[in-house]
Amino acid sequence: MEINEEICSKIEELAAKLVPPSQMAALLDLNEDGLKLALNRHSSAARKAFLRGMAGTANKIRETNIELAETGSPDAIHGCFTSMREMINDLSD
């Protein structure tokens, strides 16, 4: 499956909106299996775009969570410590 720069841009945009790959394929009129294969291939531009979009949204959520933790929200504090553990675990993968 050929995925050009324009499609990568749309993949990033949809990933930022947390659209699952199966729905992404439908919205972009792409073969679902082909898209999923591209998203699972580490060297794929489509995967990089997907992760960049998803990571951007995750980063916004983390920023909000930190702000809430700083105001004393117990759930946000717990979420921040969970994120810290994930960061440490990610070093091992």
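Keep in mind that what you see is a predicted model, and the values were worked out from it rather than measured.

Some thoughts on helix 4 (residues 45-70)
- Counted at 1.5 Å a residue, the expected span for helix 4 with its 26 residues is 38 Å, and the 37 Å between its end C-alpha atoms agrees.
- Considered for burial, the residues of helix 4 that qualify are A46, R47, A49, F50, G53, T57 and A69.
- Next to the buried residues of helix 4 lie helix 1 (5-16), helix 2 (21-28), helix 3 (32-40) and helix 5 (74-92).
- For helix 4, the N-terminal capping position is held by S44, with its side-chain oxygen 3.0 Å away from the main-chain nitrogen of A46.
- Where helix 4 terminates, the next one or two residues include G72, which has phi positive at roughly 105°.

What about helix 3?
- Taken residue by residue, helix 3 has G34, L35, A38 and L39 as its buried positions. Each buried residue of helix 3 sits inside an arc of 135° when the element is viewed along its axis, so together they form one side. In this structure, helix 3 carries D33, L37 and N40 as exposed residues pointing more than 90 degrees from its buried face.
- Packed against the buried residues of helix 3 are helix 1, helix 2 and helix 4.

Topic: the packing of helix 1 against helix 2
- With their axes 11 Å apart at the nearest point, helix 1 and helix 2 run at an angle of 135° to one another. Classified by the angle their axes make, helix 1 and helix 2 are oblique. In the crossing of helix 1 with helix 2, the sense of the turn from one axis to the other is right-handed. Between helix 1 and helix 2, the contacting residues are K10, I11, L14 and A15 on the first element and M24, L27 and L28 on the second.
- Among the residues making up the contact of helix 1 with helix 2, the classes are represented as six nonpolar, no polar and one charged.

Regarding the packing of helix 1 against helix 4
- Orientation of helix 1 relative to helix 4, taken along the N-to-C sense of each, is 30°, at an axis distance of 7 Å. With respect to their mutual orientation, helix 1 and helix 4 come out roughly parallel. You can see that helix 1 and helix 4 cross each other, and the crossing is right-handed. Residue-level contacts link C8, I11, E12, A15 and A16 of helix 1 to A45, A46, A49, F50, R52, G53, M54 and T57 of helix 4.
- Residues of the contact of helix 1 with helix 4, tallied by class, amount to nine nonpolar, two polar and two charged.

Calculation rules
- Counting of residues starts from 1 at the beginning of each chain's written sequence and follows it residue by residue.
- Only residues with pLDDT of 70 or above have their local features reported here, since the model is predicted, and side-chain atom pairs are shown and tallied only from 80 upward, although totals for entire chains, interfaces and linings are computed over all residues.
- The basis for the side-chain values is all heavy atoms of the structure; hydrogens and waters are excluded.
- A run of H or I in DSSP counts as a helix once it spans at least four residues, and a run of E counts as a strand once it spans at least two, with each numbered from the N terminus.
- To estimate how far a helix should reach, multiply one less than its number of residues by 1.5 Å.
- Working definition: with a 1.4 Å probe on protein chains only, accessible area under 20% of the residue-type maximum means buried, over 50% means exposed, and in between means partly exposed.
- Here a residue-residue contact requires only that any non-hydrogen atoms of the pair lie within 4.5 Å.
- Think of a polar contact as two N or O atoms within 3.5 Å of one another; within protein, one of them needs to be a possible hydrogen donor and the other a possible acceptor, and neighboring residues in sequence only count if both atoms come from side chains.
- Note that the arc is defined by the directions from the helix axis to the C-beta atoms.
- Axis definition: a line fitted to C-alpha atoms, limited for helices to the stretch in contact. Angles are taken between N-to-C directions and run from 0 to 180 degrees.
- Relative orientations are named as follows: roughly parallel for angles under 35 degrees, roughly antiparallel for angles over 145 degrees, roughly perpendicular for angles from 65 to 115 degrees, and oblique for any other angle.
- Less than a right angle of anticlockwise turn of the near helix away from the far helix marks a crossing as left-handed, whereas a clockwise turn marks it as right-handed.
- Note that Gly is not counted as nonpolar here; it falls among the polar residues with everything else outside the nonpolar set of Ala, Val, Leu, Ile, Met, Phe, Trp, Tyr, Cys and Pro and the charged set of Asp, Glu, Lys and Arg.

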